[in-house]
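Read off the chains here:
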Amino acid sequence: MKGLISGIKRMEIHDGDGCRTTVFFKGCPLRCLWCHNPESLFLVPQTAFFSDKCIGCGLCNGNRNEQSADACPVCAQVYYGREWDAESLAEELSRDEDYFRNSGGGVTLSGGECLLQGNFAVELARLLKKRGISVFVDTCGYVKRGVLERIIPYTDRFLYDIKAIDPAVHRYCTGKENGLILENLRFLSEQGCDVEIRYPLVIGYNDGECEKIGAFLRGLKGISKIKVLQYHPFAASRYLALGMKNTMPDTVTTFEDVERSVSILKSYGLPAVNGILED
Amino acid sequence: MTLNYEQLLEALKDCVETEDAYRADCENVAFLLDHCEIAVPSENRFFVQVNCGGVQREIYRLREAPFKGLWADHGLLDGIRCGAYTGNHDFGHTSTCWDQLLTFGIYGLYKRVEEFSEETRQDPRKQEFYENLLSVYQAVFRFLRRAAECARSCGKTEMADGILHLISGSPRTMFEAMQTVFIYYTLQQMFEGSPLRTLGRLDGTLFPYYVGREQEDLFCDFLTELDQIKADANLPFALGGTDAEGKDLINELSYFLLDCYTKLSTKNIKLHLLCSKNTPKEFVCNALDSVREGKNSIVFLSDEKVIESLIRQGADPLDAAKYHVVGCYECCADQEVPCSCSARVNIPKALELALNGGADLRTGKQILPFERTEFKSFSDLYDRFVSVLQELCRRGMKTTDLMEAHYKQVHASPIYTSANIHALRKCGDVYADFAAKYNNSSLNAFGLATAVDSLVAIRKLVYEDHTMTLTELIDVLRSDWEGRESFRLLIRNRFPKYGNGDPSVDVFAGRIADALYEAVGGVPNAKGGIWRLGLFSINWRWEFGAKTAASADGRRCGEPLSQNSGATFGSDREGATAHLSSVCAIDASKTPNGTIADLDLHASSVKGENGLKTMYATLKTYFEKGGFAVHYNVLDTEVLKAARKDPSAYPNLQVRLCGWNVLFATLSDQEKDEFIARSMKG
């Protein structure tokens, strides 16, 4: 079974407990304005071209593909979307197994939306679990219920994004309705899953959602943490290199903004933390 | 009558030539003790300052000069000049028996020599040996009385009283124990000129005097005053370790000293943390936390691996357990004189000579008697490389042996000897008579990653992908990649590299270390001891890199070689965990002189509680996999860039250069840029 992967990062400390290896899946059903991983949005391979790095050597013959990216001496071309079979990928992701064991870490499936390639994600999680490796699934929640059900047995924790409760705000910010997302979260909660909520706070876009998020989450069990994440518009060069329109809002979330949201969420009795301090 | 530095040197220069350095140096040291100038800096609490540091070192440099002529006689000069190897005396990497020293005090050391002297009244030769030592000690006490007077005249009553007590008794209090550290350090370092490269395990030696955390001011004053000593490449002390049964030795004082060290803004003292699998996690995490906050001067060593390496070289397990770290990372057993920086071998140069028929690729000069051949297979080439490498080791050792055989005419160490029970029993000087229990020498081979990456590139280009012939590749290297810049960058940036946990690459690091050990480990030296192997480069990688032709890993002619035992900067694309896994391909039990990984971590990658947990896991895992030593540079790109732009705004910003710390502001622009580039990766 094959999957499309945009990248792998080892010794990652921001995607769950301990020392983790994060694997970024290609493809996402949402189009969040503030997306930091534009290379993971589409479920097709893409070659990014960073013109500022190019030395004009001509080795690529003007091509933009996997071969030309591999031949670029200065990494001005980067190929996103290599095909992996699940076994080899599980093997690759297990390279830091000893470090996982000593730190309580493991592998985090992220993206894009890892569950968009549902069968592959489930198979990968199963193989990792078989090796005794902790698996966290970082998801936007806009996924088929069936896939969620199948990955639960192999998942130690879900890192679950909640961007907005108001459907109109959600649609504006992500391009999609949030009914499915909220239902799926309720489902995970009812299933007794360990869920860490992540709330990317983008001032002027979804900061007004904080009270509603608090009210919604208050009724759910199994929420181990709510991390409020700071937004910063730092992915512009990648949008440009991918030839994509940069949709990132020109706004900055300050430490105080995050603190304010954390205290609102706490007032609902929720285990909210400031992502700036934790990361 | 006191003399200034030039006058002291002038007075001793008359007796440079000697057949008996022991007698001459006992006289020299006594002369310096009687005639040096003494200053009492207002901020000093424990001891005075003297002006004679460096005089005896200058004397032994003058004495050794004629012996360098032997290198030419043995055909070694061309290899030295082309940067293939070097060798020399090393009087600069010593410890002492700190535990005995603090129990006895200076006075106790004297009494012990006196006892030896009385026991050997019937033997005139031995009698003379001890009498010489005793006369040095008489001068020591005259000097200490002068020091006490100076202290008192400057209003330093506590200092003066302590010194006076120590003339006639062992230390009784923490203050006097600390004074003893200063006094002994001054005697050996400043008067004798055998640089003392560690203060030992302070949490063990000072523990008998420890009464509690209420001594914080005393400890902070102690560390601050130590920090004022102008030691080359910093002044280290150690914490932790295990006893011979493997029991962890961390105590309350270890935590306290670490806290004081963390709290102070020191520039010159550095810390060796001796970790075992039983070292409390809390203690190690405190130290890692301190590193994250900018204390880049802590080296973490694995007790298990260090002790294993020392036992493997033949040290008694009891001596091995009480090992010292005498400099940056090099370890020696208790009672061992390791001469840890005596010989050096440039590994990439061995590959250069192997490729080019034994001739230097830059100058064409024939260095070794090999013929140039077109190697039919990669393994033929590799075998030749190993032969050349081992020959360079033999020559580096020979270069040193020729010098070390003449210690008797070059340097003696009455102070160091007086604190060494083995030398006292043998009735010989530690240096001039090779009278320590272990009289060893060490060879450091460096540029390991440069060589591994070059071998892997050659295998791929010539023997796997058939991109070019070996002759064509050598021509490219000789021309320093002229007209081939994109080809060079392709190799530099896209070829497989050591430091990414790739076993097909890392295997060469292990094999090269094995070949080096075969040529070096346990080989008899000129002093009745053996040769030991180390794999560190410190800043030699700049000096030797300047003499090394372009290498097949994409390095340009003259650029620095890779640092210590780790990846070439920027080549560890997979991050720190992969980097550490690569270094573990080396069997570090063969390298008592050190196998060191340098980890550059961006501040954001170790932030928060999870960052600390992860940092601890990297260390623990590295040691479980057989790692020897590691040090971290936690770098923040933005801070470094700002400091590059406006040094005056960051006068205290420190980075770890290689084996020691430096102020960022004092680096050259080239070095600053290297650090900034290192901080940006990942």
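Keep in mind that what you see is a predicted model, and the values were worked out from it rather than measured.

Conventions we followed
Residues numbered from 1 in each chain as written. Chains lettered and ligands numbered in written order. Predicted model: local features only at pLDDT ≥ 70, side-chain atom pairs only at ≥ 80, totals over all residues. Heavy atoms only, no water. Contact = heavy atoms within 4.5 Å. Buried area = accessible area lost by both parts, 1.4 Å probe. Salt bridge = Lys/Arg side-chain N within 4 Å of Asp/Glu carboxyl O. Helix = DSSP H or I, 4+ residues; strand = E, 2+ residues; numbered from the N terminus. Phe/Tyr/Trp six-rings, centres within 6.5 Å; stacked < 30°, edge-to-face > 60°. Lys NZ or Arg CZ within 6 Å of the ring centre and 35° of its normal. Pairing = 2+ DSSP bridges. Axes fitted to C-alpha atoms, helices over the stretch in contact; angles between N-to-C directions. Domains from an automatic or database assignment. Nonpolar A, V, L, I, M, F, W, Y, C, P; charged D, E, K, R; others polar.

S.K.: Before we move on, could you go through the interface of chain A and chain B and cite the residues and values that matter?
M.R.: Contacts between the two partners involve 31 residues from chain A and, on the opposite side, 30 residues from chain B. A combined buried area of about 2300 Å² lies between chain A and chain B, and 53% of that area is made up of carbon and sulfur atoms. The partner of A:Asp98 in a salt bridge is B:Lys625, and the shortest N-O contact between them spans 3.3 Å. Of all elements in the fold, only strand 1 (2–12), helix 1 (66–71), helix 3 (97–103) and helix 11 (275–278) of chain A reach the threshold of two or more residues within the side of chain A that touches chain B. It is helix 3 of chain A that provides the largest number of residues to the side of chain A that touches chain B, a total of 5 residues.

S.K.: Just give me the short version of the packing of aromatic side chains, but keep the residues and values in it.
M.R.: Within a pair of aromatic rings, the relevant descriptors are the distance that separates the centres and the angle that separates the planes. Scanning all chains against the criterion turns up 39 aromatic pairs over all chains. The interplanar angle of 55° and the centroid separation of 5.9 Å between the aromatic rings of B:Tyr407 and B:Phe434 together place this pair among those described as tilted. You can see B:Tyr407 sitting in helix 18 (residues 407–410) and its partner B:Phe434 sitting in the loop between helix 20 (421–426) and strand 11 (438–439), a full 27 residues away along the chain. In this structure an aromatic cluster arises from ring pairing among B:Tyr60, B:Phe91, B:Tyr407, B:Tyr416, B:Tyr431 and B:Phe434. Sitting above the plane of the A:Phe187 ring, A:Arg145 keeps its charged end 4.3 Å from the centroid. Over the ring of B:Tyr382 we find B:Arg511; its NZ or CZ atom is 4.2 Å from the centre of that ring.

S.K.: Any details on the sheet that holds strand 4 (residues 235–240) of chain B? Residues and values, ideally.
M.R.: Residue and element names in this part refer to chain B. Strand order in the open sheet made by the 5 strands is 4-5-6-15-14, with mixed pairing throughout. Of all strands in the sheet, those with a lone pairing partner are strand 4 and strand 14 (596–602), marking the two edges. The sheet shows a mean angle of 25° between the axes of neighbouring strands, direction not considered. In this structure, strand 5 (residues 269–275) lies alongside strand 6 (residues 298–302), joined through 5 bridges in parallel fashion. Bridge assignment links histidine 272 to a residue of strand 6, and that residue is valine 299.

S.K.: How would you sum up the domain arrangement of chain A? Please name residues and give values.
M.R.: All names here are of chain A. Considered domain by domain, chain A is made up of domain 1 (6–41 + 84–278) and domain 2 (46–80). Between domain 1 and domain 2, the contact holds 9 residues from the first and 6 residues from the second. In this assembly, domain 1 packs against domain 2 so that about 650 Å² is buried in total across both faces, 62% of it on carbon and sulfur atoms. On the domain 1 side of the interface with domain 2, the three residues burying the most area are Lys26, Ala241 and Leu242, jointly 58% of the side's total. Of the residues contributing to the side of domain 1 that touches domain 2, the split by class is 4 nonpolar, 2 polar and 3 charged.

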